[in-house]
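Next come the chains, spelled out residue by residue.
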Amino acid sequence: MSILCQPLLYINPIDSVAANSLVVPTSSGYYNVFVNGTLQRGGLTTLSATNLIINTGLIVGATVVIEVINFNSSASSTSVNNVTVTTTISD
């Protein structure tokens, strides 16, 4: 049984986001879904910017929380010429 949830308002810790503007994870991120405080098993849900599909039975009035985690995958380095490094190993 599939249940399509389209909340009127999605609340994140920073500000409110209108329905059809759900936050989705980037390619390096992931999301968790909690129903009544219980983390749901992977593969039972599908999240898009417009809806959350939960492929399991829900009781009317159940609380559903979506946690989205995105990682910033950028890095930088600076090359420096003529640098001397001394390594000391001691017990």
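From N to C terminus, the chain includes 0 helices and 8 strands. Element order for the chain, N to C, with α for helix and β for strand: β-β-β-β-β-β-β-β. Residues counted as buried form 19% of the 91 residues belonging to the chain. In the chain, the proportion of contacts linking residues at least 24 apart, taken out of those at least 6 apart, comes to 64%. Entry remark: accessible area of the chain is about 7,100 Å², with carbon and sulfur atoms responsible for 54%.

Okay, the nonpolar core next. With 7 residues, the main nonpolar core is built from Leu22, Val33, Val35, Leu47, Leu52, Ile54 and Ile66. Only β4 (30–35) and β7 (52–54) provide two or more residues apiece to this core.

A word on the sheet that holds β4. Taking strand neighbours across the sheet as the criterion, the 3 strands line up as β5-β4-β8 in an open arrangement whose pairing is antiparallel. Every other strand in the sheet has two partners, leaving β5 (38–39) and β8 (64–69) as the edge strands with one partner each. Across 2 bridges, the pairing between β4 and β5 is antiparallel. The residue of β5 that forms the bridge with Val35 is Thr38.

Next up on the list: unusual backbone geometry. Of note, the phi angle at Asn36 is positive, near 50 degrees, even though the residue is not glycine. Among the structural elements, Asn36 can be located in the loop between β4 and β5.

The rules behind each value
- Residues numbered from 1 in each chain as written.
- Predicted model: local features only at pLDDT ≥ 70, side-chain atom pairs only at ≥ 80, totals over all residues.
- Heavy atoms only, no water.
- Helix = DSSP H or I, 4+ residues; strand = E, 2+ residues; numbered from the N terminus.
- Buried < 20%, exposed > 50% of the residue type's maximum accessible area, 1.4 Å probe, protein only.
- Contact = heavy atoms within 4.5 Å.
- Areas by Shrake-Rupley, 256 points an atom, 1.4 Å probe, with all protein chains shown as cover.
- Core = buried A, V, L, I, M, F, W, Y, C linked by side-chain atoms within 4.5 Å.
- Pairing = 2+ DSSP bridges.

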